[in-house]
Amino acid sequence: MESSTLKFPPKITARQSLNERYDLVHVGQIDANHPAFLTLMESPDGSSDLYVSGFSVMGGGMVSAVQDVSDKLAEGQPLEAKLLTEKIDWPNEISPQPLAEAGTGGRRLLAIPSGFLVPGRSTGAIYVMATNEANPTDQATFGTLKITEDKKGWFYHRAEWIDMNGDGRLDLVTARARVGLGGKTAGEMLWLEQPESPLAEAWKEHPLESPGDVHFRTCDFNQDGQPEVLSALFFQKKVTYSGSQGTVLVDDKLGSPFDLELVDLNRDGKPELLASNHEAGKGGKVVAYEVPENPRQAWTRHTLLENIEAKVVSMNSAAPGQAHAFELGEGAPWVLVSGDGSGKAHLLRPTGEWKFQEQVILDAGSTVGQSAVGDVNHDGLPEFFIPLYDKGKIEVFSVVPKNSGGNHGHSAAL
């Protein structure tokens, strides 16, 4: 088993002002092997666990977990990232089951998509891993199952847990993509039906009419109990909305859409669509769309950040990655942008109606993977976990009130 330790420095090494009320302090780092995607999972007792997926062209993939982040971070204790498995080739975004289902004996399922557009890694799958809620890093108790059959050249990035057939078991909605000879691309949406014994029986595959390839989000704007799909069609360079009346175009002028998130950005009581693209040069953007009353009508786009430059020297470097909204105070949500090829973590502070001010909180000179944000110590303020893929580090930051003395409940002692 590999493990890594978060050690707090003898004094706070970095403190940045966010606004008149809050500062950001750097509280430490975790060593990790090519960390790419981070996921925080809250347990029924209110504690949080951090899941990490990593991969490299030569080194396969790994999934690890940092258990009880909540208590240990609040108390200043070392955090260990324990390896769960190295048997999933090129794991991507880890999706925890929202709630443990009755009769699972304390298990909680994680969905792990895999594969990518690199030689030898293009045939991916969806895996289900069962964790022990009392001890998430105990893999000997339960195990991992590949629930999709190999489909040569197809890879998966995301899966969402939804009860698609009303049987009380959460199924998985996902997208898959492939790039064939001559650069011809294809994509599909599908859902996988959870059987009574999810780690022992086959999951049945069902097609969905919605277009898809890499990232997507489900929604239910018409409140009919059936998911509609918002798709970031990376290869087709389109954002689309699909419902019972078919598919409509949201935008085809964003470049290559990367990720999507539904969040009430302007506090009007309705969700907006937060989106990022993924472009070379200085073409990177973060935008938001106002969702019309009738989703088949025009979606108004607002630019929150543009001219994000891909500066990290690597093959096909592009920027940014995911844009993720989070709460800080009583105003509109803030946005953390994982820069990917920009080598930075960008923070967007709301300053007015559809206006945001950028602050670079970390200029790492490394590919910045999908970060995680959450109030893990339950003090009402968020912590940031930012993966630096090329440097093998996860940087940990905490938001604190001004004049808090720097620690804000964290022990600075080693």
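All figures in this text were calculated on a predicted structure; none of them were measured in a lab.

Cut-off values and rules
- Residues numbered from 1 in each chain as written.
- Predicted model: local features only at pLDDT ≥ 70, side-chain atom pairs only at ≥ 80, totals over all residues.
- Heavy atoms only, no water.
- Salt bridge = Lys/Arg side-chain N within 4 Å of Asp/Glu carboxyl O.
- Helix = DSSP H or I, 4+ residues; strand = E, 2+ residues; numbered from the N terminus.
- Buried < 20%, exposed > 50% of the residue type's maximum accessible area, 1.4 Å probe, protein only.
- pLDDT = per-residue confidence, 0-100.
- Contact = heavy atoms within 4.5 Å.
- Pairing = 2+ DSSP bridges.
- Axes fitted to C-alpha atoms, helices over the stretch in contact; angles between N-to-C directions.

## Considerations on the pattern of salt bridges
Stage number 1. A full pass over the atoms with the stated rule returns 16 salt bridges.
Stage number 2. Measuring nitrogen to oxygen at the nearest pair gives 2.8 Å for the salt bridge that ties R176 to E205. Pair noted here: R176 is in strand 13 (residues 171-179) and E205 is in strand 15 (residues 204-208), with a separation of 29 residues, a long-range link.
Stage number 3. A relative accessible area of 39% places E205 in the partly exposed class.
Stage number 4. The structure contains a network of salt bridges with shared partners spanning K151, R176, E188 and E205.

## Side note on unusual backbone geometry
Stage number 1. In the segment running from A319 into P320, the intervening peptide bond is cis, with an omega of -5°.
Stage number 2. Counting through the fold element by element, P320 comes out in the loop between strand 23 (300-308) and strand 24 (323-326).
Stage number 3. One non-glycine residue, D68, adopts positive backbone phi at about 55°.
Stage number 4. You can see D68 is positioned in the loop between strand 6 (60-66) and helix 1 (69-75).
Stage number 5. Given a relative accessible area of 24%, D68 falls into the partly exposed group.

## Quick look at the confidence of the model for the protein chain
Stage number 1. In the predicted model, the protein chain carries a mean pLDDT of 87, and 89% of its residues have values of at least 70.
Stage number 2. Predicted confidence for residues 1-13 stays below pLDDT 50, and this span has 44 contacts to residues more than four positions away or in other chains.
Stage number 3. Under a pLDDT of 50 for its full length, residues 407-414 has, in the predicted model, 24 contacts with residues more than four places off or in other chains.

## So, the sheet that holds strand 25 (residues 334-338)
Stage number 1. Ordered by their spatial adjacency, four strands build an open sheet running 24-25-26-27, and the pairing between neighbours is antiparallel. In the strand order of this sheet, the two ends are held by strand 24 and strand 27 (355-363), each with one partner. Direction aside, neighbouring strands of the sheet carry axes that sit 25° apart on average.
Stage number 2. Bridge analysis of strand 25 against strand 26 (residues 344-352) gives four bridges, and the strand direction is antiparallel. Residue pairing in the sheet places V335 in a bridge with L348 of strand 26.

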